[in-house]
Amino acid sequence: MADPLVREIAMTDPAALNPASPAEHMFPVLTPVQQARIAAHGRVRQVQFGETLVEPNDHARSFFVVITGHLNIVRTSGTDEEVVAVSAPGTFTGELNMLSGRRALVRVRAGEPSEVIEVDREQLLSLVQTDSELSDILMRAFILRRLELIARGVGEVVLIGSTHSLGTLRIKEFLTRNGHPYSYIDLDRDASVQDLLDRFNVAVTDLPVLICRGQVVLRNPANHQIANCLGFNEGIDQTQPRDLVIVGAGPAGLAAAVYGASEGLSVLVLESSSPGGQAGSSSKIENYLGFPWGISGQDLAGRAYTQAQKFGAQVLIAKDAKRLACDRRPYAIEIDDGPRVSARTIVIATGAQYRKLPLENLSQFEGAGVYYGATHLESQSCGGEEVIVVGGGNSAGQAAVFLAETARHVYMLVRSNGLADSMSRYLIRRIEESPTIELRKHTELTALEGSDHLERVQWRDSQTGRVETRNIGHVFAMTGAVPNAHWLDGCVALDAKGFIKTGPDLSPDDLAAAHWPLARAPYLLETTLPGVFAVGDVRGGNIKRVASAVGEGSIAVAFVHQVLKE
Ligand SMILES: Cc1cc2nc3c(=O)[nH]c(=O)nc-3n(C[C@H](O)[C@H](O)[C@H](O)COP(=O)(O)OP(=O)(O)OC[C@H]3O[C@@H](n4cnc5c(N)ncnc54)[C@H](O)[C@@H]3O)c2cc1C
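Each value, and the rule that gives it
Residues numbered from 1 in each chain as written. Predicted model: local features only at pLDDT ≥ 70, side-chain atom pairs only at ≥ 80, totals over all residues. Heavy atoms only, no water. 1 Å grid on protein atoms, 1.4 Å probe; cavity = no way out; pocket = protein on both sides within 12 Å on 5 of 7 lines; lining within 4 Å. Points joined across faces, edges and corners; volume = space filled by probe spheres on them. Nonpolar A, V, L, I, M, F, W, Y, C, P; charged D, E, K, R; others polar. Pairing = 2+ DSSP bridges. Helix = DSSP H or I, 4+ residues; strand = E, 2+ residues; numbered from the N terminus. Axes fitted to C-alpha atoms, helices over the stretch in contact; angles between N-to-C directions. pLDDT = per-residue confidence, 0-100. Contact = heavy atoms within 4.5 Å. Near = heavy atom within 4 Å. Polar contact = N/O pair within 3.5 Å; in protein donor to acceptor, adjacent residues only side chain to side chain. Areas by Shrake-Rupley, 256 points an atom, 1.4 Å probe, with all protein chains shown as cover. Parallel < 35°, antiparallel > 145°, perpendicular 65-115°, else oblique. Left-handed = near helix turned anticlockwise from the far one by under 90°.

Draft legend 1. Layout of empty space enclosed by the protein. By the definition in use, this model includes 2 cavities of 30 Å³ or more. In this structure, the largest cavity spans a volume of roughly 80 Å³. If you trace the largest cavity, you find it lined by Pro56, Asn57, Arg75, Thr76, Ala104, Leu105, Val154, Gly155, Glu156 and Arg213. Tallied by class, the residues present in the lining of the largest cavity amount to 4 nonpolar, 3 polar and 3 charged. The space that makes up the second largest cavity amounts to roughly 50 Å³. As for the second largest cavity, its lining consists of Asn57, Arg103, Ala104, Leu105, Gly155, Val157, His180, Arg213 and Leu230. Residues that form the lining of the second largest cavity fall into these classes: 4 nonpolar, 3 polar and 2 charged.

Draft legend 2. Quick peek at the sheet that holds strand E23 (residues 443-450). Reading across the sheet, the 3 strands line up as E23-E24-E25 and stay open at both edges, with antiparallel pairing between neighbours. A single partner strand is all that each edge strand has here, and the edge strands are E23 and strand E25 (467-470). Strand-to-strand, the axes of this sheet are offset by a mean angle of 20°, without reference to chain direction. Relative to strand E24 (residues 454-461), E23 is paired through 7 bridges, and the arrangement is antiparallel. Across the sheet, Glu444 pairs through a bridge with Arg460, a residue of E24.

Draft legend 3. Representation of the confidence of the model for the protein chain within the structure. Per-chain confidence: the protein chain averages 90 in pLDDT, with 96% of residues scoring 70 or above. Note on residues 1-20: pLDDT under 50 across the span, and 28 contacts to partners over four residues away in sequence or across chains.

Draft legend 4. How the structure looks around the site of the ligand. Not every one of the 35 residues close to the ligand is listed here, only the nearest: Glu271, Gln278, Gln398, Asp537 and Val546. In the environment of the ligand, an oxygen atom lies 2.8 Å from a nitrogen or oxygen atom belonging to the side chain of Gln278. When the free accessible area of the ligand is taken as 1000 Å², the share hidden by the protein chains comes to 93%.

Draft legend 5. Examining the packing of helix H7 (residues 166-177) against helix H9 (residues 223-230) more closely. Relative orientation of the contacting elements H7 and H9 amounts to 45°, with a least axis distance of 10 Å. Judged by the inter-axis angle, H7 sits oblique to H9. Where H7 crosses over H9, the two elements pack in a sense that is right-handed. Residues Arg170, Ile171, Phe174 and Leu175 of H7 lie in contact with H9, whose contacting residues are Asn223, Ile226, Ala227 and Leu230. Across the contact of H7 with H9, the residue classes break down as 6 nonpolar, 1 polar and 1 charged.

Listed below in structure tokens is the structure:
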């Protein structure tokens with residue numbers, strides 16, 4: 001099946017329906033007029049045969065258009081080299097790292113004496129914001145090239161792990177959601193892996209292991225260690241005050257970033273894990289406007305992330321906002337490591353995190369049979385087997401329908417009397433019509449059993465009191481979420497359930513208690529701190545949908561402009 005991104009490009013661009021078009025779009029030939037428009041932002045230079053213009057792991061600094069001669073795009077692995085593409089006259093170098101400023105994954109070297117136009121990355125960023133024709137051509141090529149690099153596992157990142165390990169799943173998810181290519185070696189299936197482990201002096205107890213850039217060996221690394229090793233955040237100045245700092249890169253935060261950056265604000269986004277938030281853990285979102293065939297949460301997040309970067313928003317990955325220093329302005333946000341981030345205004349878009357099942361030994365099986373998302377990453381480990389989905393909301397319904405495509409049988413456990421109150425009608429119908437899905441009402445999981453991964457569960461029917469034991473090793477917990485507002489530590493008013501109160505929901509008592517200092521009332525979406533807004537799932541009264549998160553993120557930016565003028 002075609003990649004969804006390619007499919008979407010084809011649907012939005014009739015020219016792409018030509019079967020020969022993927023290569024054409026990946027390596028388009030610019031017309032002399034288009035080349036002249038690019039040349040106005042750079043300089044023409046001569047390149048010697050064999051001269052290297054970009055080294056793997058170099059930061060993206062320059063972009064090249066070939067006028068005469070050709071450039072080889074070379075994949076490296078230790079001392080081995082392989083030419084994976086050739087940039088001929090009229091074509092150009094670069095892929096998504098030109099937008100993010102991250103390190104290059106390939107070498108670019110002249111295959112003969114050549115003449116090129118060299119453009120600085122900063123100039124390229126301003127070009128894609130102002131020249132829509134070139135922006136379309138470059139963005140499409142950059143995205144398609146990154147997909148190609150992912151498909152080929154280019155980038156010298158190797159993950160060695162086990163399907164039954166939480167660490168392995170986490171690292172796979174982190175790399176995938178950040179669009180970083182990697183190769184995976186499954187310890188349980190590949191006997192030859194021992195040689196590789198010996199070569200890097202790795203004991204089995206160190207797993208999962210990530211070999212980063214072909215050199216550095218990270219033993220069960222935290223996400224921030226991976227981000228540091230791959231240079232995800234290099235080149236982003238954390239000391240410079242920003243007009244707008246957005247905390248959280250789910251749909252709400254990314255929408256605020258796209259609108260803020262495209263309207264000329266200096267925007268920094270802090271994300272504790274990877275872009276996409278909860279939506280990123282959805283296999284298929286079918287009710288978001290404009291995607292009649294549905295879109296996976298990861299694809300939606302990937303596009304939004306690229307769009308935000310195109311307009312110049314900077315996104316710090318694997319950086320947790322730990323505390324808000326709210327006693328003076330500009331506000332300051334303390335992050336994991338590194339300097340405090342200074343902000344004239346803030347949009348809090350930290351969303352919510354999955355509610356955990358109230359079972360004593362739960363942590364033993366998280367990632368080893370208990371999952372909080374149902375994407376193709378998780379489904380790979382349970383194809384052809386029986387699985388359980390716990391929960392009766394839309395996320396549980398989506399998971400059940402998605403897993404029914406590959407699982408032998410899907411049990412849906414709900415505590416209530418049915419799904420009608422909590423789930424969209426289209427999902428209920430699919431569940432009812434699926435021969436693979438069995439709804440168990442009034443049923444709760446009561447025990448998890450197994451050794452290094454989940455092997456058995458017990459559930460109880462609350463009406464009859466009957467307890468059943470089943471040999472099932474895969475449980476998908478989709479039981480709602482709690483707000484990520486603990487880090488605000490008294491800076492803003494929260495409602496009884498811990499969600500952030502904003503705008504008209506703030507009572508005179510809330511404002512008095514917070515010493516609201518202004519003559520005006522808080523704007524829509526503004527918290528009890530002037531210039532600090534809350535949007536999306538973390539906000540009290542929010543409708544828990546991608547569309548409302550995106551809507552609120554974009555609305556908040558209009559008020560950010562008002563505050564910056566005050
Ligand atoms: C499995 C699943 C399926 C779903 N399907 C649909 C659907 O089909 N249609 C639909 O409309 N909605 C769906 N939803 C709901 C939708 O995904 C959410 O309403 C939406 O993602 C909320 O967006 P958000 O940006 O407010 O928060 P989130 O998506 O929760 O994003 C918050 C982000 O903030 C980050 N963060 C948290 N704390 C910090 C911190 N201290 N510092 C830095 N970063 C932080 C998190 O890592 C996260 O990336 C689904 C949800 C789930 C879980």
